[in-house]
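Geometric and topological summary
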Amino acid sequence: MFLALVVTPELREFLARARGGAVRLIKVRIQDEQLTLGSYREPEQSWDQDYDDFLLPLLDDQEPCYILYRLDSQNALGYEWIFISWSPDQSPVKQKMLYAATRATVKKEFGGGHVKYELFGTVEEDVCLLGYQHHVSSCLGPAPLTVAEQELQRIKITEGRVKQVNTEICVESKHQTLQGLAFPLQETARRALQQLAQKRINYIQLRLDVEKETIELVHCNATETQDLPCRVPKDTPRYHFFLYKHSHEGDFLESVVFIYSMPGYSCSIKERMLYSSCKSRLLEEVERDYHLEIAKKLEIDDGDELTEEFLYEEVHPKQHAHKQAFAKPRGPAGKRGHKRLIKGTEEKKQDS
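Residue indices follow the written sequence of each chain, beginning from 1 at its first position. Totals for whole chains, interfaces and linings use all residues, but because this is a predicted model, local features are given only for residues with pLDDT of at least 70 and pairs of side-chain atoms are given and counted only at 80 or more. Only heavy atoms go into the side-chain values, all of them from the structure, while hydrogens and water stay out.

Overview of the sheet that holds strand 10 (residues 251-261)
Pairing between strands is defined by DSSP: at least two bridges between the two strands are required. Think of it this way: any DSSP run of H or I at least four residues long counts as a helix, any run of E at least two long counts as a strand, and we number them from the N terminus. If you walk across this open sheet you meet the five strands as 8-7-9-10-11, and the pairing is mixed. Looking at strand neighbours, the two that pair on one side only are strand 8 (214-219) and strand 11 (294-300), the edges of this open sheet. The average angle at which neighbouring strand axes cross in this sheet is 30°, direction not considered. Sheet strands touched by helix 9 (residues 269-289): strand 7 (203-209), strand 8, strand 9 (238-248), strand 10 and strand 11. Its angle to strand 9, the strand with the most contacts, is close to 50°. Simply put, an axis is a line fit to the C-alpha atoms, just over the touching stretch for a helix, and the angle between two N-to-C directions goes from 0 to 180 degrees. Here a residue-residue contact requires only that any non-hydrogen atoms of the pair lie within 4.5 Å.

This is how it looks when you write it as structure tokens:
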């Protein structure tokens, strides 16, 4: 609903000239049931520099008004404007209702295509430059969610967290919780990898320094296969590189095995995510820069799994023979008797 008050000829003519850009601000008032020109200001500086100096002195705590403020930007029709409805709390209720009912008339008279933003205020903080900027930010942001949409969003977030915690972390998998994490290797860790590539050492244990975001060497003590279970910590994740020396089909082999030990869910979620996310990039760097061929990548949660038999079967998995297809069993020997025939419909009719 809007109230069609009379627009004075002076105001109508002034609005037509102002759209050309010669005016920065126009104040419109209701006086004697007519829309009249209250005051105006011509531009002096940029729109944001003129804003508070021009606008705030024209606001009356006891009387509503309309303010049309010109921006420096333009659209296809010309300069863009802000349409401000000022309705202070202390003003009479009748005036508030009158201005609210006339708002559409003023906008139509000026030309709605020139209005970029509409602003309503009851205190100066609502319509000052900072208030206008907050209004623009809210207009450009996403629309507020309904109650149902908020509930759906909470469900999705909760499901995502549960899935992230419960997903089994596999060294062979290419899916990671955090993509592209690559903590740099410290100097001692790099030297140890070079020595492993030269087969001067046979074991390396690495850890993540979460604070420094680096990969550090824990130790590279000589280790035999039977010593591996003792090397795996019970309370914290680790990366291990082990030069597995063994015989296979009469040949002596030295195979590099990568072991990612994660002791169950006793570790924090952050540790699980970081270790899982860094391992692939670490392996890429090791294979590329140190020319280490990883024969097998393992994930364990307990060092007791690392037995001689387990390592051998992982490095040289058994080849399962091809299963013979199911053969139709032969029928009984000897005469099987006469074949049984099923009569057709026509034959049944003839017999009857």
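Some points on the nonpolar core
Note on terminology: a nonpolar core comprises buried Ala, Val, Leu, Ile, Met, Phe, Trp, Tyr and Cys residues joined through side-chain atoms within 4.5 Å. A 1.4 Å probe rolled over the protein chains alone gives each residue an accessible area, and that area as a share of the maximum for its type sets the label: buried under 20%, exposed over 50%, partly exposed in between. Membership of the largest hydrophobic core comes to 28 residues, with the highest contact counts inside it found for Leu 206, Tyr 239 and Phe 241. Looking at this core, the elements with two or more residues in it are helix 7 (187-197), strand 7, strand 9, strand 10 and helix 9. In terms of residue count, helix 9 provides more of this core than any other element does, six residues in total. Listed in part, the 20 residues of the second largest apolar core include Phe 14, Tyr 66, Phe 83 and Tyr 99.

Some remarks on the pairing of strand 7
Counting buried positions over the seven residues of strand 7 gives six, a clear majority of the element. Two elements, strand 7 and strand 9, share four bridges in a ladder whose sense is antiparallel. Looking at the pairing, Leu 206 lines up with Tyr 239 of strand 9. With five bridges connecting them, strand 7 and strand 8 associate as antiparallel partners. Across the sheet, residue Gln 205 finds its bridge partner in strand 8, namely His 219. Linking strand 7 to strand 8, which pair antiparallel, is a turn of four residues; within it Glu 213 sits at a positive phi near 60°.

A closer look at the environment of Glu 271
Among the structural elements, Glu 271 can be located in helix 9. Along the chain, Glu 271 and Thr 236 lie 35 residues apart, while their C-alpha atoms are 8.6 Å from each other. Setting aside residues up to four positions removed in sequence, Glu 271 forms contacts with Thr 236, Pro 237 and Met 262.

Here we look at the environment of Val 123
Looking at where Val 123 falls in the secondary structure, it is placed in the loop between strand 6 (115-121) and helix 4 (124-127). Taking the C-alpha atoms as reference points, Val 123 and Trp 86, 37 residues apart in sequence, are found 8.3 Å from one another.

Focus: empty space enclosed by the protein
Of the grid points, spaced at 1 Å and generated over the protein atoms alone, those admitting a 1.4 Å probe that cannot get out make up cavities, while open sets with protein on both sides within 12 Å along at least five of seven lines make up pockets; any residue with an atom within 4 Å of a point is treated as lining. Grid points are joined across faces, edges and corners, and a volume is the space filled by probe spheres set on the points. Enumeration according to the criterion identifies one cavity of 30 Å³ or more in this entry. By volume, the largest cavity is sized at about 40 Å³. Around the largest cavity sit Val 7, Leu 11, Leu 15, Val 28, Leu 35, Thr 105, Val 106 and Glu 109, which together line it. Going through the elements one at a time, helix 1 (9-22) and helix 3 (93-110) are the ones with two or more residues in the lining of the largest cavity.

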